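Read off the chains here:
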Amino acid sequence: MEQYVDPDVSRRKFEREVADYRLHEREYRRRGWLLLRAEFPEVMVVFVAANLKPPAIVTGALLDYTNYDAAPPSFLLVNPLTEEPYKASDLPTWLKRQVPGPAFPIEGLALPPGAAIPRIVSEQPLMQWYDADDVPFLCVAGVREYHEHPAHSGDHWEQHRRAGAGRIARLLEVVDTYGLRPITDYNLQLKIEVVGFAQGQTPE
Amino acid sequence: MPQEHGNKIALEVIVNGQSTSVEANLNAPLHTIIPKALEQTGNAGQPPENWELRDQNGVLLPLETKIEDFHFAAGTKLFLNLKAGVGGSA
């Protein structure tokens, strides 16, 4: 993306972002956030599921603060080793969240006074895409790809800028909440294959 | 150095990554520190209910609980971040 804001301004704001992050980096690292690189305009972070034994690298995230903070940062999930953005078909996490649906009254079921009518709960990915070959974007206000999407033309960056919606720690917290924290263990698949018969002593 | 005086305690609140010291009333519910932290860091535009508070391990803290009941040490770091809000609507 072309830098149209005075580069010195964006660079100073970027450096302040990184300095604020560094102040609490030890706490962030303990939670599994490893900041690998911070060179204007990019920040590269790797997320580790620290509760697993052994800990597992889950994903990388590449933030781009070009034109910050006249424009929000770009945020992509990337391969933690190559920094290549993941295609939808390769995403290691969809950052799924629970979304309460409409009330679902059950005919004939008498609820106690004050009890809430059951609701359907669905799961929605915060990472959004159309085709399997697309590079998904994080559908959260404060992210460049979100605000550039035609569906969000009424939700301007200016409405979120002063709340720090594009700050490093805030965006990483989203990945932590929906990508790291739900991981409780490795998911193992054991495949048993018959390859022949066990033999006793071979007869003479 | 953060201190505890009577029913007050100084907590370090990191608002979207920016640090501020908030004097909290031990007898008040935890959510009372949110407006103060937002004001002190100049975060405007999003109401307190759009924020969530976590401890150093990333555990979400119940906002209605009295601050005293958390047994925080003076200067404890708490992390205040905007909720993900809108999502999955594209």
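That block above? That's the structure.
Just so it is clear, the model here is predicted, and its values are computed rather than measured.

Rules used in this analysis
Residues numbered from 1 in each chain as written. Chains lettered and ligands numbered in written order. Predicted model: local features only at pLDDT ≥ 70, side-chain atom pairs only at ≥ 80, totals over all residues. Helix = DSSP H or I, 4+ residues; strand = E, 2+ residues; numbered from the N terminus. Rg over C-alpha atoms; globule rule 2.2 N^0.38 Å. Buried ≥ 20, exposed ≤ 12 C-beta atoms within 10 Å, placed from the backbone. Contact = placed C-beta atoms within 7 Å. Nonpolar A, V, L, I, M, F, W, Y, C, P; charged D, E, K, R; others polar. Pairing = 2+ DSSP bridges. Axes fitted to C-alpha atoms, helices over the stretch in contact; angles between N-to-C directions.

1. Observations regarding the overall build of chain A
Across its full length, chain A holds five helices and eight strands. Moving toward the C terminus, one meets the helices and strands of chain A in the order α-α-β-β-β-β-β-β-β-β-α-α-α. A globule of 204 residues ought to have a C-alpha radius of gyration of about 17 Å, yet chain A, at 23 Å, is considerably larger. Seen through its principal axes, chain A has C-alpha atoms that stretch 90 × 65 × 35 Å. Within chain A, buried positions represent 32% of all 204 residues. Of the contacts formed within chain A by residues at least 6 apart in sequence, a portion of 50% connects residues at least 24 apart.

2. A word on the interface of chain B and chain A
Of the residues lining the interface, 23 residues belong to chain B; the matching set on chain A comes to 32 residues. When contributions to the side of chain B that touches chain A are tallied by element, the ones reaching two or more residues are β2 (8-15), β3 (18-25) and β5 (77-82) of chain B. No other element matches β5 of chain B, which puts three residues into the side of chain B that touches chain A. Residues that form the side of chain B that touches chain A fall into these classes: seven nonpolar, 15 polar and one charged.

3. Considering the sheet that holds strand β4 (residues 74-78) of chain A
Residues and elements named next belong to chain A. The antiparallel open sheet is built from four strands, whose spatial order is β1-β2-β3-β4. This sheet does not close on itself; its edge strands, each paired only once, are β1 (33-39) and β4. For this sheet, the mean angle separating the axes of adjacent strands, direction not counted, is 20°. Where strand β3 (residues 56-64) meets β4, five bridges bridge the pair, whose relative direction is antiparallel. What sits directly across from Leu62, in β4, is Leu76. Helix α5 (residues 168-180) rests against β1, β2 (42-49), β3 and β4 of the sheet, and its axis sits at about 150° to β3.

4. Focus: the pairing of strand β5 (residues 96-103) of chain A
Residues and elements named next belong to chain A. Where burial is concerned, little of β5 is hidden: zero out of the eight residues are buried. In terms of strand pairing, β5 meets strand β6 (residues 119-125) through six bridges, oriented antiparallel. When the sheet's bridge partners are listed, Val99 is paired in β6 with Ser122.

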